[in-house]
Structures are given as C-alpha cells and as structure tokens.
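# Fold and geometry: a report
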Amino acid sequence: MATPDQKSPNVLLQNLCCRILGRSEADVAQQFQYAVRVIGSNFAPTVERDEFLVAEKIKKELIRQRREADAALFSELHRKLHSQGVLKNKWSILYLLLSLSEDPRRQPSKALPRDAHSTPYYYARPQTLPLSYQDRSAQSAQSSGSVGSSGISSIGLCALSGPAPAPQSLLPGQSNQAPGVGDCLRQQLGSRLAWTLTANQPSSQATTSKGVPSAVSRNMTRSRREGDTGGTMEITEAALVRDILYVFQGIDGKNIKMNNTENCYKVEGKANLSRSLRDTAVRLSELGWLHNKIRRYTDQRSLDRSFGLVGQSFCAALHQELREYYRLLSVLHSQLQLEDDQGVNLGLESSLTLRRLLVWTYDPKIRLKTLAALVDHCQGRKGGELASAVHAYTKTGDPYMRSLVQHILSLVSHPVLSFLYRWIYDGELEDTYHEFFVASDPTVKTDRLWHDKYTLRKSMIPSFMTMDQSRKVLLIGKSINFLHQVCHDQTPTTKMIAVTKSAESPQDAADLFTDLENAFQGKIDAAYFETSKYLLDVLNKKYSLLDHMQAMRRYLLLGQGDFIRHLMDLLKPELVRPATTLYQHNLTGILETAVRATNAQFDSPEILRRLDVRLLEVSPGDTGWDVFSLDYHVDGPIATVFTRECMSHYLRVFNFLWRAKRMEYILTDIRKGHMCNAKLLRNMPEFSGVLHQCHILASEMVHFIHQMQYYITFEVLECSWDELWNKVQQAQDLDHIIAAHEVFLDTIISRCLLDSDSRALLNQLRAVFDQIIELQNAQDAIYRAALEELQRRLQFEEKKKQREIEGQWGVTAAEEEEENKRIGEFKESIPKMCSQLRILTHFYQGIVQQFLVLLTTSSDESLRFLSFRLDFNEHYKAREPRLRVSLGTRGRRSSHT
C-alpha cells in the first residue's frame, strides 16, 4: 500500500525530475525547485486546448521517427484512455508528453537562472493603472524560458490567467530564441504589459544591479563586440533603444530619422551597426510611422466641425487607443530613467533591449496596424458611410482584431443610433452635418410631406442595417411628422409606441450590436408596426380614407349604375348643345337632381360635398359630351393618397368610361327607334330594305359595345378593384396603401387601352365609337325623311276621304299626278339611303377587323380572348385573312416575341 508521502504532488514531481534526468534526488535539487516554481506560477500554454490535435501531433512525430508500430499502439491507448472518465485533464497529460518528447533535440543550457531557488512570483495589478481592453481582460503579459536538460521550457510558458514575471527575469538563452518568444507572446496586451513592467521592475532591478549581468546581457555584449567593424561611429544598443523610444512617439532620434522621400524611418547610413541590429531597429520604427499616420488623421479631423458627430466619435476612439499606446511608452521611459538613476550606465547592461522591445510591442503594433488600416479606409467618409467602413473590418477571423474594431464601432455608431432613436421615437431630425441616412428637404410644402420631404441617403445607410430596416426607420419618423403636421394629431409618441429608448451610451450601442437580428430588429419592428397602425387608424376613422376610395369607384369609375344612367338622361338635352354654350352652374344643378333621385342620396354628406362637375378644355366643334366630366375634390391627409397625378388618371379613365357608356346609351336609343318606327313604317314596303340594313348594322354595334362593356366592367374594373381592396385591408403602413392604389390605377389605364403602348388600339376603338355616332345621325336622317313622307301620305289620304264625305271627287287628276311624282322622288332616294348605309357598314367592319387584328397580336391574354368573344361566330374572320390563325398559335407567337 502506498504511503501518503508517495502520493503527495511534491514527491511525484521529484520522482519525475529524477526519472527524466536520470540522477539522484540530491543532484536534481535545483531542477526540482525550478519545476515547483513553474508549476506554482500562473503560466499556461497559449495553444488551443484541443486533445485531438495534440494526439495527432504525437502520432505524426512517431511516424516521422519511423516508429509506425508505436504510433499504432499510441492510437489504441489513446482510444482506451478517451473511453474512460477517470482522468479529467487528458489534454494536459498529452501536451506534457508531447513537450517531453521535444526535449532531447534541444541543446542543453549550462546555467540555470540565478533565482531558480526562489519562491514563485505573485503579483497584484496596480489599482492606478486599470486595464482598458475588455476583450482580453483575462489575459496578461507573458514570459518564456529555457531550461537546458530539464525539458520544462518546451511547455510554451505564457500567462493566461494572471500577470507574468517582469521582463528582467527572462531566462538565459532567450536572446537566441526571440522568434519563438514572439510566437508565444502573440496574445499579450500592451497595456497589461505596461502595468506588469511597473509592478515588477523594482524587485528585479535590485537583483540585476546587485549581481553580475545576466546571460542575456553577456550574450548581447559579446554580439556587439563581434559585430564591431572598426568604424568611426560606433552606436551601442542602449543608444538605439533610446532613439527607438523617441521614434515610437513620432520624434526623430539621433540615429533614426524620418526619410520623407521613402516615407519611412531609416537608420543613418554612416552608423556602425550590424545588419541584425539595423533590421531590428527598422522593424521597431514602423510603430512610429503607424503612430504618425494615425495622429496626423486625428489632428486634421478633430477640429473639422463639418466632419460631424460620427467622425468626431471615430477620432475620439483613435485618441483612446493612442492613450493606451502612450501609457506603454511612459512605462518604458520610466524603466529607462530608473536604470539611469540606479547606475546602469556605470557598466551594467540595460534590461531594455531591441529584442525585448520587439516582444513587448508585438500586440501594440497589431493594434496600430489595424487603426492605420481603418484610417486609410475611412478617408473622405463621414456619417453612416464612416460607420459602414469601420463595420467592414469586423468581418475577420482574428478575435483580437475583431474585438478592437467592435469597440471602435460601438463608439462610432453611437451618434448614428442617437439620431435613429431621436427620429423613430420623437420624429425629430437634427442632422446638422448630413450624417444620418434620413434626409429632409425643408422647401417641400405640407401637402407633399409624405412623398417628397423625407428620403433615404443610401450612401449613409450603415452596412450593419438592411434596406428593409432603413425603409422602416424612414416610415416611422415620417408617420410621426405626418400625424403632427398634416393630420394635426398631437398625440405623444409614448402613447403610440410602448417601448423604451436605448443606446444612451456607447456601451448600450455595443450591446445592441451584439444582437442585431433580435434586439435591434425587435425595436424597429415594434415602433414601425405601432406607429403605422396608429396612422392608418387616424386616416380611416377621422378622415374616412376607405370611404373616399369607395366613392371614387362609385362616381368616377361609374360604379353607381342608377346614378350614372339617370344623370345621363338628365344631361342629354344639355350635352347635345355646343360646348361653348354650357354653364357649369346649370350642370351642377342637374348633378344635385340626379343625386336626390337615386341611391346616391344615402351617401355621407362629406362625400357628396366633394362631388362636382368639371368642364374640360373646349376645342372647335366640341359638344357637351366631349367636355363634360365629374370631379371629386380632395384635400388634407387624403390628398396624400389621391394626389394630383392620381386624380388626372381618374379623369382620363372617367372620360373613357363615360364615352363608352354614351355609346351604349346611343345604341339603346337606336334600338328603341327601331321598335317604335317599325309599325309606323309598315305601310311603306319599299322602305323595308333600309330598315333591315339599319337593324343589321345596329345589331353588330350592340354586340361589340356589350362585349367591350363586359370586358371593361368585369375583367378590368371589378377584378382590379377586388385586388386593391384586399391589399388595402392587409396594408401595414400608408406606403402600402399608396403603392396598391397606384398599381390599381396603372392597371386600369393599361387594360382600358389608355397607355402609350395601346395607342393604336385606342384609336381604332375611338373610330368604332365615331361610326356608332355616324349611324345614329344617319338613322335619324333616314327616319326623319321616312316619317315626313309617311305624314304626307297620311295627310293626302285624309284629305281624299274628307272630300268624299263632302260628296266631291276625292282627288283631281293634277293632285294625283303631283302625289305620284312626290312618291316617285321618295322612292328614288331610297337607293341613296341604302348606299349610305352600305358605306357606313363597310367602314365600320373594316375598323372592327383592324381592331381584332391588333387584339390578336396583343401580349395581354385577356385582350386576345376579347377578340374571340367579339368574333365568336367568325363573321369577321371570313372577311379578314389575318384573323384565320388559331388563337393558340397567336398566343404562342406573342409569347415568343
């Protein structure tokens, strides 16, 4: 049974040292004490804790040594080890094995550090020097060591959870392993290194000043002596260090100065330096060049008021980073001053060497490079565009660089978010320097507020915001201003939006950016939905927006059939007169009569008050039918939906529908004339051919107009209106209603053949309408002549009967001859009437055939089917060869074209 001593960690560690070195306990006392010190410190490797990766490295090392059997055995043992849950730190064990395997290949060091027998260091961070890099608050400065035969140095000593020893306690031989140390120190922080140096310098310096120079100092002294070339100007490394510390601040040193031609710092050509020292000095001087670049940008922009709040925030973020950089430089300067005061210049080597400066400035250099890249990328940008430029640098896989840029982004974007929340919660836009992505035009009047006053500056939209979010932000503030200025609704926004403001500080902005898809999106969506809903409620309840929309459909689009028909009956005596003889007040009186006599009287007084008569511009020869139009007055908030452009569209559609309705009205009168006059003219058999021809042509026209009316009323107006109404009911904001209404108007204008693409069809249709009017005029003239002839014949017969009753001859020979002559003249005029009707029929059918040809080649499927309905019995197809192509073939051809 094992004793307690054998189980203690100290005994196990001592046995491990003896086993590794192959010596007795007395011979490994120094190594054992150093191992205790290392294990008791806060050192930890910087490599990722990946058990699988370490196991793969061990297997690759065994295969490289051509020990395939051992690699297979290790793989099997690792699999068994992985399946057991007794061991907790499997990664640490594998990493130790890997580190031990690397030791035999290293050159042993003859000397151990002088303080190997001392106890482990324990440091506390000074309270006067707080850390400012929150992204690595758990990390600290690092140190690396090499113990020749012990093999412990291969564990990659880098502090993760606590501060490391001061740079003066670096172990012998480190100067020959600077690149490895640089890799180990990749994760350190400049600011934490600064306070580590300050905290540890006195104790380590005391050791150095009392004892002999360390191995590092001796090696450096020897290398300088070996590098002497016997030049007239020999420069010590200490002098270079002093110059470098000045260069770090952008100040030329004695031997290192800025070369304006090459835009870089260069060591004086006559300086007697080894190539390695010269190269190291040039590498270090890059920090000064980066510092100058950043400082020059901040100095130029800090006093530029036109740079805006976002730009000033960016400069402030750069200043904050430069302050951390200056803090490191102040610690290095104080270290150098402390060594001067304690007699380092009396022959002892300084602890500040170029190689150590390379290590200590590794992370600050990365930060300055990132800041310099940001400065280059942000040149000439401001406002939201500047925030987008900074945000572009967060898309990197380096967490260190990403955390730095995110910290800067939180400062830069804070003014943008302040603008945004002021806009969406108060509707206020105080953007003096045009940095926000919402722009305002103060010259726009109130009636165009919604359409023209507020727009998006697309270049200023931050890249972390989507276009949909930007549009919603614009609508929120626009809705608030529309309510206040146009609707005169002074309801506080706190009653519209039940959310609290945010982003009162850069930290709030940073927290918000961590959850752009949820927290930020949620705030915008909540404000958008609640503000838009409140605005639509005000428009519908207070200003009856939907009622006015229905009124447009009933009156301007002829949806109120009884009213339109009665109005047309009342207006007929007035509208047949020349347009120049019409008076608007007379027509207004007729309109009011039609309203009182139909169901229109039950509409809201507000709607009827807006309904009015309008006379269009008069052209020579126009009648009242050509210039009459209904009008609907809009003002206030509803004028935002029914704009002047929309009302002009309504006017065009009304004129077209009114003309089509008039054609139907004319054909109804023609059919009524046929029915009334057929019995009267039965006693004139010679006139039957004319009547038949009139009846046939009128029937063709009635069929044409009925099909056109069906197409316009049901396929165009009703379908489009149903689609509009569904969209309006589902609209989330006023823009959706405006867009749906504009689509509705564009659709009916296009499908009613009123757009520019349908000009040929519209011309043919108007020609058909003209032929209908010609038929009415011709038929009226024919009926008038026939009725006059019939009246004369009836009068002659009546006169003849009257004379017979009186006992006289009914008619004399002269009178009978005169009567026969007049009847003969009338019969001679009948062929002329028939010829006139044939010509009218020929013109009409030619126009209809051309109209059908245009319909069949249309890209609109509904128009192609309209052509089928207009010629359902192929009456026109027999006369026109171009109509003999099948409907399906025409559809395929039009789709290919």
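Conventions used here
- Numbers given for residues are sequential positions, taken from 1 along each chain in its written order.
- Predicted model: local features are reported for residues with pLDDT of at least 70 only, side-chain atom pairs are reported and counted for 80 or more only, and whole-chain, interface and lining totals are derived from all residues.
- In computing side-chain properties, one takes all heavy atoms of the structure into account and sets aside hydrogens as well as water.
- Secondary structure counts use DSSP, requiring at least four H or I residues in a row for a helix and at least two E residues in a row for a strand, with both numbered from the N terminus.
- Burial classes follow relative accessibility: with a 1.4 Å probe on protein chains only, a residue under 20% of its type's maximum area counts as buried, one over 50% as exposed, and anything between as partly exposed.
- All accessibility values rest on the Shrake-Rupley procedure with a 1.4 Å probe; residue burial counts only the protein chains present in the view.
- Two strands form a pair only when DSSP identifies at least two bridges running between them.
- The angle between two axes is taken between their N-to-C directions and runs from 0 to 180 degrees, where each axis is a line fitted to C-alpha atoms and a helix contributes only its stretch in contact.
- Comment on the angle field: the value is read as roughly parallel under 35 degrees, roughly antiparallel over 145, roughly perpendicular from 65 to 115, and oblique elsewhere.
- Take the far helix as the reference: if the near one is turned anticlockwise from it by less than a right angle, the crossing is left-handed, and if turned clockwise, right-handed.
- Residue contacts follow a heavy-atom distance rule, with two residues in contact if any of their heavy atoms lie within 4.5 Å.
- pLDDT is a residue-level measure of predictor confidence that goes from 0 to 100.
- In the analysis that follows, any N or O atom pair within 3.5 Å is treated as a polar contact, provided that within protein one partner can donate a hydrogen and the other can accept it, and provided that, for residues neighboring in sequence, both atoms belong to side chains.
- Aromatic rings from Phe, Tyr and Trp, taking only the six-membered ring of Trp, are treated as a pair when their centres fall within 6.5 Å; an angle between ring planes under 30 degrees marks them as stacked, one over 60 as edge-to-face, and anything in between as tilted.
- Whether a charge lies above a ring is judged from NZ of Lys or CZ of Arg, which has to be within 6 Å of the ring centre and within 35 degrees of the ring normal.
- In the sections that follow, a salt bridge refers to a side-chain nitrogen of Lys or Arg positioned within 4 Å of a carboxyl oxygen of Asp or Glu.
- Among buried residues, the Ala, Val, Leu, Ile, Met, Phe, Trp, Tyr and Cys ones that are joined through side-chain atoms within 4.5 Å form a nonpolar core.
- The residue classification treats Ala, Val, Leu, Ile, Met, Phe, Trp, Tyr, Cys and Pro as nonpolar and Asp, Glu, Lys and Arg as charged. All others, Gly included, are polar.

### With respect to the overall build of the protein chain
Check the secondary structure of the protein chain and you find 33 helices and eight strands. Taking all 897 residues of the protein chain together, 48% fall into the buried category. Per element, the accessible surface of the protein chain, about 45,200 Å² overall, is 52% carbon and sulfur.

### Some details on the pairing of strand S8 (residues 628–632)
Summarising burial for S8: five of the five residues are buried, a large majority. Residues Phe-628, Leu-630 and Tyr-632 point to one face of S8 and Ser-629 and Asp-631 to the other, with burial holding for every one of them. Pairing between strand S7 (residues 611–615) and S8: five bridges, direction antiparallel. Paired with Arg-614 across the strands is Ser-629, a residue of S8.

### Considering the packing of helix H4 (residues 51–64) against helix H5 (residues 68–83)
At their nearest, the axes of H4 and H5 sit 8 Å apart, and the two run at 160 degrees to each other. The angle between H4 and H5 falls in the class roughly antiparallel. Taken as a pair, H4 and H5 cross one another with a handedness that is right-handed. Between H4, through Glu-51, Ala-55, Ile-58, Lys-59, Leu-62 and Ile-63, and H5, the contact on the second element is made entirely by Glu-68, Asp-70, Ala-71, Phe-74, Ser-75, His-78 and His-82.

### Remarks on the confidence of the model for the protein chain
Across the protein chain, the average pLDDT comes to 78, with 78% of residues at 70 or higher. Across residues 1–6 the pLDDT falls below 50, and counting only partners more than four positions away or on other chains, this stretch makes four contacts in the model. Counting contacts from residues 104–232, a segment whose pLDDT is below 50, to residues more than four positions away or on other chains yields 237 contacts.

### Quick word on the environment of Arg-457
As for its placement among the helices and strands, Arg-457 is situated in the loop between strand S6 (454–456) and helix H18 (467–485). Measuring from C-alpha to C-alpha, the distance between Arg-457 and Ser-440 comes to 9.9 Å, with 17 residues separating the pair along the chain. The residues touching Arg-457, leaving out its near neighbours within four places in the chain, are Asp-431, His-434, Glu-435, Phe-436, Phe-437, Val-438 and Ala-439. Side-chain polar atoms of Arg-457 contact the side chain of Asp-431, separated by 3.3 Å. Side-chain polar atoms of Arg-457 contact the backbone oxygen of Phe-436, separated by 2.8 Å.

### Structural notes on the packing of aromatic side chains
Counted according to the given criterion, the structure contains 18 aromatic pairs. Taking the centre distance of 5.6 Å and the plane angle of 20 degrees together, the rings of Phe-654 and Trp-658 count as stacked. In this pair, Phe-654 and Trp-658 are both assigned in helix H27 (residues 644–680), four residues apart and thus about one turn of the helix distant. Its relative accessible area of 0% is what places Phe-654 among the buried residues. What makes Trp-658 buried here is its relative accessible area of 2%. Judged by centre distance (5.7 Å) and plane angle (65 degrees), the ring pair of Phe-704 and Phe-851 falls under edge-to-face. Placement of the pair is Phe-704 in helix H28 (residues 688–730) and Phe-851 in helix H31 (residues 813–856), with a sequence separation of 147 residues. Take Phe-704 and Phe-851: they sit in the same class, and that class is buried. Site record: aromatic cluster; members linked through ring pairs are Trp-625, Phe-628, Phe-654 and Trp-658. A cation sits over an aromatic face here: Arg-301 above Phe-307, 4.7 Å from the ring centre.

### Here we look at the pattern of salt bridges
Evaluation of the coordinates by the stated rule reveals 39 salt bridges. Here Asp-376 and Lys-293 are joined by a salt bridge, their closest N and O atoms 2.8 Å apart. With Asp-376 in helix H14 (residues 362–377) and Lys-293 in helix H11 (residues 275–302), this residue pair connects regions lying 83 residues apart in the sequence. On the basis of relative accessibility, which here comes to 43%, the residue Asp-376 falls in the partly exposed class. Take Lys-293: its relative accessible area is 17%, and that puts it in the buried class. When salt bridges that share partners are traced, they join Arg-422, Asp-426, Glu-428 and Glu-430 into one network.

### Structural notes on the environment of Ser-470
Mapped onto the elements, Ser-470 comes out in helix H18. Taking the C-alpha atoms as reference points, Ser-470 and Ile-524, 54 residues apart in sequence, are found 9.3 Å from one another. In contact with Ser-470, not counting residues within four places along its chain, are Phe-437, Leu-456, Ile-461 and Met-465.

### Concerning the nonpolar core
Residues Phe-314, Phe-563, Leu-567, Phe-628, Trp-658, Phe-687 and Phe-704 are the most contacted members of the largest nonpolar core, which totals 202 residues. If one sorts the elements of this core by residue count, H28 sits on top with 17 residues. Here Phe-704 is in contact with Leu-765, Val-768, Tyr-844, Val-848, Phe-851 and Leu-870, once residues within four sequence places are set aside. Listed in part, the ten residues of the second largest apolar core include Ala-55, Ile-58, Leu-62 and Phe-74.

### Regarding the packing of H31 against helix H32 (residues 861–870)
When two helices pack together, their arrangement is captured by the angle between the axes and the distance separating the axes. In contact at an axis separation of 7 Å, H31 and H32 are set at 145 degrees when each is read in the N-to-C sense. Of the two elements, H31 crosses H32, and the hand of that crossing is left-handed. In this structure, H31 uses Phe-851, Leu-852, Leu-855 and Thr-856 to contact H32, whose residues at the interface are Leu-863, Arg-864, Leu-866, Ser-867 and Leu-870. Here the contact of H31 with H32 is built from residues that sort into six nonpolar, two polar and one charged.

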